Amino acid sequence: MKQNTYLSKFRNALKLNHLDAYIQPRSDMFGGEEVPDYDARLKLLSGFTGSAGIAVITLKKAILFTDGRYTLQARMQLNKSWEIHPLHSNNWIDWVTDHLSAGQNIGFDPWLVTASTFQKLSEQFKIKDIAIKLDKKNLVDQVWINRPKITQKEPVRWKDNYFAVNAKNKVNDLLAEMQLRDLDALIITQPNQVCWLLNIRGNNLKYTPFFLGFLVVEKNGDLNIFSQCDIKYIKDNLRNHLFYKLEQYLSKFKNKNVAINNKNCPSIIYNKLKHISAKVENSFSFLQEKATIKHNKEIQHIRRCHIADGVALANFFYWIENNIKKQKITEYDASEKLKNFRAENKNFICESFPTIAATGSNGAIIHYRPDEKKSKIIDTKKLFLIDSGGQYFNGTTDITRTVAFEKQSSQIIDYYTYVLKAHISLAKLVFRTDARGSEIDAITRKALWEQGMDYNHGTGHGVGYCLGVHEFPPTISKNSDSVLMMGQLLSNEPGFYIPRKFGIRLENLILVKKFSNSIHNKFFCFETVSFCHFENTLINKDLLDKKEVHWLNDYHETVFHKLKNFLSQDVRKWLRNKTKKI
């Protein structure tokens, strides 16, 4: 059924339920960027497939709020029934407040709207006398014809040698921290934290090995999972319940001290706790921080994982360079070929996100995804951007390169070089341990800003350990006030885009380390763990200073020596040429 038809049916449902507007986020109840097919409600109504967005649907208007990464994509995917607005902070709440009148009703599924968002909505709507109607049955689901069946397999417990600390010790550390804070219970609503704590993984999603479930940890050590997995016990006799039973289960915590993360906790859980007069603690960040820090053993795995990934990339770029002028290769063909090269490694599980393989103007669509039937044939005269990654038993990868198959204009070469300068500035940065992500972001953009260039996305995001390719809170962006911690893994991905012409992005993953020359341990630096050459034919050496040239030559030498023993003689010879000094 077409989106227009669903939108019309949905508006009829609004009228029948006496609603004037409805809020539909992209995310599921776990707040994830990737959602199962059966939870892709925003896609159903609008056709939009980006990983960040929220829709406000009234009886006359349909508005999609999304960030700069997806603006061009949204324009391509949405029809004229929709308006596209930029998403920043809570501007969509302001829009709703401005466009609804006193006495009108707005609905949403309380499993899909977070506690912090619910609080902001309540405050603003109360002033204007707009009524909130909680929709536990979800109106979108009610109009959805042939909705995919909800299925969830039990989690998988991996071998202990992949983890630095066993689950029992992690839980004991958490219980000790809860005791210090006088907490009776902790409700964990982020799957990455559940998986990290219990050393489990899942296969509910195509690109992210999460087990999708909530976990209630009680001070006596009782652990209860609430998921859509229809079995009573999962690994090690851990009790499992269907997720909707969580609301009733919380009744046992009446007048107790309970911790949640209100930025990620579904509002239905928060509202239940308030209803039973539980004392809600919002500032318990122990797991939020712990789950993003990689231990030494995990770091060793991550380094090996990225060598394997680098081998796949070397084989891929060798293949495409040697075949691009002999045969027609589509963007989709290229993405599949790279996946196959990755799959040759025994630790490979799946891609970590849909590969962005973009020729020419498609490179300007920041999160472009080639369709098997509609993707373009790669144009050898234009830039080719490929952003890809893999999930391995020993790590998660995410890397972007922009390459050329024929000589490019001096202007394109200069654009590429300025992006490379920004990339190098972050890679070799030494910074104070209390530096904010926004400060680091500004330092990275400096080389571009000086040329009047910029990019409409963050500079870096956290990356999990065979978990989400986007892991928070570590971020490097204009709006990030978080500080980085030793052992966190992030991306380094400045770019530059001219709509309808081309895109340039250069991305490696970087590990936060202690700066060895720091006298008082007040400084950090980065270790680049990705291994893939940059395109020397796109570099204007005259625009690089001596330190940048030195960094690039050192990096290329490292790439060659890390990968050479795993490559065929032909690919090794090719890579030696690609990594020669400039």
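Asker: Now, about the overall build of the chain: what can you tell me, with residues and values included?
Answerer: A tally of helices and strands in the chain yields 17 helices and 29 strands. Relative to its length of 582 residues, the chain is compact, with a C-alpha radius of gyration of 24 Å against a globular reference of 25 Å. By principal-axis analysis of the C-alpha atoms, the chain measures approximately 65 × 55 × 40 Å. Here the analysis covers contacts within the chain between residues at least 6 apart in sequence; of these, 69% occur between residues at least 24 apart. A total of about 25,700 Å² of accessible surface is found on the chain, and carbon and sulfur atoms cover 48% of it. Once the 84 positive and 60 negative side-chain charges of the chain are each reduced to a mean point, those two points are 2 Å apart.

Asker: Before we move on, could you go through the nonpolar core and cite the residues and values that matter?
Answerer: In terms of nonpolar packing, the biggest core is built from 60 residues, with Phe-316, Phe-317, Ile-320, Ile-378, Phe-384, Phe-534 and Leu-563 touching the most fellow members. In terms of residues, this core owes the most to one element, helix H14 (residues 410-427), which gives 10 residues. Not counting residues within four places of it along the chain, the set of residues in contact with Ile-378 comprises Ile-320, Ile-324, Ile-329, Thr-330, Glu-331, Ala-334, Thr-359, Phe-384 and Phe-405. By size, the runner-up hydrophobic cluster in this structure holds 54 residues, among which are Ala-115, Val-216, Leu-246 and Leu-287.

Asker: Residues and numbers for the state of the cysteines, please.
Answerer: Evaluated as defined, the whole model comprises 0 disulfides. Unpaired in terms of disulfides, Cys-229 finds its nearest cysteine sulfur in Cys-195, a separation of 13 Å. According to the relative accessible area criterion, Cys-229 is buried, its value standing at 2%. A disulfide-free cysteine, Cys-265 has its sulfur positioned 17 Å from the sulfur of Cys-195, the nearest such atom.

Asker: Requested: an account of helix H13 (residues 331-343), with residues and values cited.
Answerer: When the terminal C-alpha atoms of H13 are compared, their 19 Å separation across 13 residues agrees well with the 18 Å that a helix rising 1.5 Å per residue should span. Taken together, the buried positions of H13 are Glu-331, Ala-334, Ser-335, Leu-338, Phe-341 and Arg-342. In an axial view of H13, the angular spread of the buried residues amounts to 120 degrees, which keeps them on one side of the axis.

Asker: Requested: an account of empty space enclosed by the protein, with residues and values cited.
Answerer: In total, this model carries 2 cavities of 30 Å³ or more according to the counting rule given. In this structure, the largest cavity occupies an estimated 100 Å³ of space. As for the largest cavity, its lining consists of Leu-186, Ile-187, Ile-188, Thr-189, Gln-190, Gln-193, Ile-260, Asn-261, Phe-284, Leu-287 and Gln-288. The dominant element in the lining of the largest cavity, judged by the number of residues it contributes, is strand S8 (residues 185-188), at 3 residues. Reported here for the second largest cavity is a volume of approximately 60 Å³. Forming the boundary of the second largest cavity are Phe-163, Lys-170, Trp-196, Arg-201, Ala-291, Ile-293, Lys-294, Glu-298, Tyr-465, Leu-467 and Glu-471. For the lining of the second largest cavity, a count of residues per class yields 6 nonpolar, no polar and 5 charged.

Asker: I'd love a proper account of the packing of aromatic side chains, names of residues and values included.
Answerer: Inspection of every chain in the model, using the stated rule, returns 29 aromatic pairs. Judged by centre distance (4.7 Å) and plane angle (40 degrees), the rings of Phe-30 and Phe-214 are tilted. Here Phe-30 is found in the loop between strand S1 (21-25) and helix H2 (41-46), whereas its partner Phe-214 is found in strand S10 (residues 213-218), with 184 residues between them in sequence. What makes Phe-30 buried here is its relative accessible area of 6%. Ring geometry for Phe-316 and Phe-317: centres 5.2 Å apart, planes at 65 degrees, overall edge-to-face. Here Phe-316 falls in the buried class, since its relative accessible area comes to 0%. Positioned above the aromatic ring of Trp-196 is the side chain of Lys-170, whose terminal nitrogen or guanidinium carbon lies 4.2 Å from the ring centre.

Asker: How would you summarise the sheet that holds S1 if you had to cite specific residues and measurements?
Answerer: Spatial ordering of the open sheet is given by S4-S3-S2-S1-S5-S6, a layout of 6 strands whose pairing is mixed. For this open sheet the edge positions go to strand S4 (83-86) and strand S6 (131-134), each flanked by a neighbour on one side alone. The sheet shows a mean angle of 25 degrees between the axes of neighbouring strands, direction not considered. The pairing of S1 with strand S5 (residues 105-108) spans 2 bridges and is classified as parallel. Bridging from a neighbouring strand, Tyr-22 pairs with Gly-107 of S5. Strands in contact with helix H5 (residues 115-128) are S1, S5 and S6; relative to S6, the strand with the most contacts, it is inclined by about 145 degrees.

Asker: Outline the side chain of Arg-69, supporting the account with residue identities and numerical values.
Answerer: Structurally, Arg-69 is set in the loop between strand S3 (62-66) and helix H3 (71-77). A polar contact of 2.8 Å, which involves the side chain of Arg-69, links it to the side chain of Asp-67. Sequence-distant contacts of Arg-69, that is, excluding residues within four places in its chain, are made with Glu-33, Ser-51, Ala-52, Ile-366, His-367, Asn-456, His-457 and His-470.

Asker: An account of the pattern of salt bridges is needed here, citing residue identities and associated values.
Answerer: Evaluation of the coordinates by the stated rule reveals 29 salt bridges. Residues Glu-321 and Lys-578 are paired through a salt bridge, measuring 2.6 Å at the closest nitrogen-oxygen approach. You can see Glu-321 sitting in helix H12 (residues 296-323) and its partner Lys-578 sitting in helix H17 (residues 569-578), a full 257 residues away along the chain. Judged by relative accessible area, which is 29%, Glu-321 ranks as partly exposed.

Asker: Please give an account of the side chain of Gln-24 that cites residues and values.
Answerer: Counting through the fold element by element, Gln-24 comes out in strand S1. Look past the residues within four positions of Gln-24 in its chain and what remains in contact with it is Arg-41, Leu-42, Leu-45, Ile-54, Ala-55, Leu-112, Asn-138 and Val-140.

Asker: A description of the pairing of strand S18 (residues 384-388) should follow, citing residues and the corresponding values.
Answerer: With 5 of 5 residues buried, S18 is to be regarded as a mostly interior element. Burial along S18 is two-sided: the face carrying Phe-384, Ile-386 and Ser-388 and the face carrying Leu-385 and Asp-387 are both buried. Pairing of strand S17 (residues 356-359) with S18, which is carried by 4 bridges, proceeds in the antiparallel orientation. Bridge assignment links Ile-356 to a residue of S18, and that residue is Asp-387. With 5 bridges joining them, S18 and strand S21 (residues 399-403) adopt antiparallel strand pairing. Note on S21: the bridge partner recorded for Leu-385 is Thr-402.

Asker: Requested: an account of the packing of H5 against helix H10 (residues 267-275), with residues and values cited.
Answerer: One can describe the packing of H5 onto H10 by two numbers: an axis separation of 7 Å at closest approach and a directional angle of 70 degrees. In terms of their interaxial angle, H5 and H10 are classed as roughly perpendicular. Counted together, Ala-115, Phe-118 and Gln-119 of H5 and Ser-267, Tyr-270 and Asn-271 of H10 form the full contact between these two elements. Its residues placed into classes, the contact of H5 with H10 shows 3 nonpolar, 3 polar and no charged.

Basis of the calculations
- Residues numbered from 1 in each chain as written.
- Predicted model: local features only at pLDDT ≥ 70, side-chain atom pairs only at ≥ 80, totals over all residues.
- Heavy atoms only, no water.
- Helix = DSSP H or I, 4+ residues; strand = E, 2+ residues; numbered from the N terminus.
- Rg over C-alpha atoms; globule rule 2.2 N^0.38 Å.
- Contact = heavy atoms within 4.5 Å.
- Areas by Shrake-Rupley, 256 points an atom, 1.4 Å probe, with all protein chains shown as cover.
- Lys, Arg positive; Asp, Glu negative; His and termini not counted.
- Charge placed at Lys NZ, Arg CZ, Asp CG, Glu CD.
- Core = buried A, V, L, I, M, F, W, Y, C linked by side-chain atoms within 4.5 Å.
- Buried < 20%, exposed > 50% of the residue type's maximum accessible area, 1.4 Å probe, protein only.
- Disulfide = S-S within 2.5 Å.
- Expected span 1.5 Å × (residues − 1).
- Arc of directions from axis to C-beta.
- 1 Å grid on protein atoms, 1.4 Å probe; cavity = no way out; pocket = protein on both sides within 12 Å on 5 of 7 lines; lining within 4 Å.
- Points joined across faces, edges and corners; volume = space filled by probe spheres on them.
- Nonpolar A, V, L, I, M, F, W, Y, C, P; charged D, E, K, R; others polar.
- Phe/Tyr/Trp six-rings, centres within 6.5 Å; stacked < 30°, edge-to-face > 60°.
- Lys NZ or Arg CZ within 6 Å of the ring centre and 35° of its normal.
- Pairing = 2+ DSSP bridges.
- Axes fitted to C-alpha atoms, helices over the stretch in contact; angles between N-to-C directions.
- Polar contact = N/O pair within 3.5 Å; in protein donor to acceptor, adjacent residues only side chain to side chain.
- Salt bridge = Lys/Arg side-chain N within 4 Å of Asp/Glu carboxyl O.
- Parallel < 35°, antiparallel > 145°, perpendicular 65-115°, else oblique.

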